[in-house]
Amino acid sequence: QVQLVESGGGLVQAGGSLRLSCAASSSIFSITAMGWYRQAPGKQRELVARITSGGSRNYADSIKGRFTIYRDNAKNTVYLQMNSLKPEDTAVYYCNTDTRVQQGYWGQGTQVTVSS
């Protein structure tokens, strides 16, 4: 099955930026919708952004205007550009396909910590 590896997380100050990457090891990446999710301590996992194979995008209201999801099908990679980061953005960020979400399958994610 497709393997997903998240990277790019780290510790940044409020107002800073990070770019998360999700590398997929599957030739079907180009026809697969991809989403970025996050889970903060004590909170439920939430969908942050999603992009379909056709390029349609959806964003959570909490990050709209600050984050951008985009994909490079030639590299089988989906990115999340995060700007104007806030402490409330602190969470473990995951990428996933719709199918794996339904299966309850998640990878290790990448930690994003925003200090005030």
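Quick note: structure is the one above.
Residues numbered from 1 in each chain as written. Predicted model: local features only at pLDDT ≥ 70, side-chain atom pairs only at ≥ 80, totals over all residues. Heavy atoms only, no water.

**Points about the packing of aromatic side chains**
Then comes step 1: Enumeration according to the criterion identifies 3 aromatic pairs in this entry.
Then comes step 2: Geometrically, the ring pair formed by Y37 and W106 is edge-to-face, given 5.0 Å between the ring centres and 85° between the ring planes. Of the two residues, Y37 is situated in strand β4 (residues 34-39) and W106 in the loop between α1 (98-103) and β10 (110-115); the sequence distance between them amounts to 69 residues.
Then comes step 3: Each ring, one from Y94 and one from W106, has its centre 5.7 Å from the other, and the planes form 70°; the classification is edge-to-face. (Phe/Tyr/Trp six-rings, centres within 6.5 Å; stacked < 30°, edge-to-face > 60°. Helix = DSSP H or I, 4+ residues; strand = E, 2+ residues; numbered from the N terminus.)

**Focus on the sheet that holds β10**
Then comes step 1: With respect to topology, 6 strands assemble into an open sheet ordered β2-β10-β9-β4-β5-β6, the strand pairing being mixed. Each edge of the open sheet is held by one strand with a lone partner, namely β2 (10-13) and β6 (57-59). For this sheet, the mean inter-axis angle between neighbouring strands, taken without regard to orientation, is 25°.
Then comes step 2: The pairing of β4 with strand β5 (residues 46-51) spans 5 bridges and is classified as antiparallel. By the bridge assignment for β5, Y37 is matched with L47. (Pairing = 2+ DSSP bridges. Axes fitted to C-alpha atoms, helices over the stretch in contact; angles between N-to-C directions.)

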